[in-house]
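Residue-level listing of the chains:
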Amino acid sequence: MAEIVNVFRENLPFLRFIGKKYADFGHWGEWWQHGWFDQLEAAMGGTDKILALWENGGGYVGLERRAAGQPFAYYIGMFVPENTPVPDGFEAIDFSGVDLGTCWIYGKESDVHDTSACKTHVEASGMVIYRDINGAVWAFENCLCPRYTTPDEHGNIIMDYCWFVEK
């Protein structure tokens, strides 16, 4: 069973998300098959560019948008510096004026994707979940190396799950 082992605020600069939009979860296999993460890393000039702005940048991201009465949206992609050009076939979403409430979920890879407790932990830490002008909330899985990709001696990893919160 996975557990939340850390909750903290991340102060963000202006960031751009570049990716592809889906109506549901999944679709990660086609990203590896088509080398789309490589294209995004090249577009930003390498992951060092985002890491210079945000220490937890450079991860592969599953971004979720939820709003009452509106269709769910799921995007796969990466956060990049604000002026990164958008490659053909991708779309961009710019985020400004928000921070992150981040939870580290520790456990087996098959268990860390249960993010249901994160929102409660973020709010209990005094952060207020951000709603965009359409009333939507945004959250994402941030799959970072090596926390997510390299299991510890117990076979566990850490996945960052992040909610956009008000500054």
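Read on for an overview of the structure. Small disclaimer: the values here were computed from a predicted structure and weren't measured.

For side chains bearing opposite charge, pairing can occur when the charged atoms are close. Per the counting criterion, the structure on display carries five salt bridges. Linking Asp94 and Arg16 is a salt bridge whose minimum nitrogen-to-oxygen distance equals 2.8 Å. Separated by 78 residues along the polypeptide, Asp94 in strand β5 (residues 91-95) and Arg16 in strand β2 (residues 15-22) bring together distant segments of the chain. By relative accessible area, which is 40% here, Asp94 ends up partly exposed. A relative accessible area of 17% means that Arg16 is categorised as buried. Several salt bridges converge on common partners, so that one network encompasses Arg9, Asp99 and Lys167.

Next up on the list: the packing of aromatic side chains. Under the counting rule described, the total for this entry stands at 23 aromatic pairs. Residues Phe95 and Phe164 carry aromatic rings whose centres are separated by 4.4 Å and whose planes lie at 10° to one another, so their mutual orientation is stacked. Note that Phe95 is positioned in strand β5 and Phe164 in strand β8 (residues 157-166), a separation of 69 residues in sequence. There is no split in this pair, since Phe95 and Phe164 are both buried. Among the aromatic side chains, those forming a connected cluster through ring pairs are Phe17, Trp54, Tyr75, Phe79, Phe95, Trp138, Phe140 and Phe164. One residue, Lys20, lies across the ring of Phe90, its end atom 4.5 Å from the ring centre. Here the guanidinium or amino end of Lys119 rests over the ring plane of Trp163, the centre of that ring lying 5.8 Å away.

This part is about the nonpolar core. In this structure, Leu63, Phe79, Phe95, Phe140 and Phe164 are the most contacted members of the largest nonpolar core, which totals 33 residues. Counting residues per element, the ones that place at least two in this core are β2, α2 (36-43), β3 (60-66), β4 (73-81), β5, β6 (98-107), β7 (137-143) and β8. With seven residues, β4 is the single largest residue contributor to this core. Once you skip the residues sitting within four places of it in the chain, Phe164 turns out to touch Leu12, Leu63, Phe79, Phe95, Val98, Asp99, Leu100, Ile129, Tyr130, Trp138, Ala139 and Phe140. In this structure, Ile105, Cys118, Tyr161 and Trp163 belong to the second largest nonpolar core, which totals 16 residues.

Criteria and cut-off values
Residues numbered from 1 in each chain as written. Predicted model: local features only at pLDDT ≥ 70, side-chain atom pairs only at ≥ 80, totals over all residues. Heavy atoms only, no water. Salt bridge = Lys/Arg side-chain N within 4 Å of Asp/Glu carboxyl O. Helix = DSSP H or I, 4+ residues; strand = E, 2+ residues; numbered from the N terminus. Buried < 20%, exposed > 50% of the residue type's maximum accessible area, 1.4 Å probe, protein only. Phe/Tyr/Trp six-rings, centres within 6.5 Å; stacked < 30°, edge-to-face > 60°. Lys NZ or Arg CZ within 6 Å of the ring centre and 35° of its normal. Core = buried A, V, L, I, M, F, W, Y, C linked by side-chain atoms within 4.5 Å. Contact = heavy atoms within 4.5 Å.

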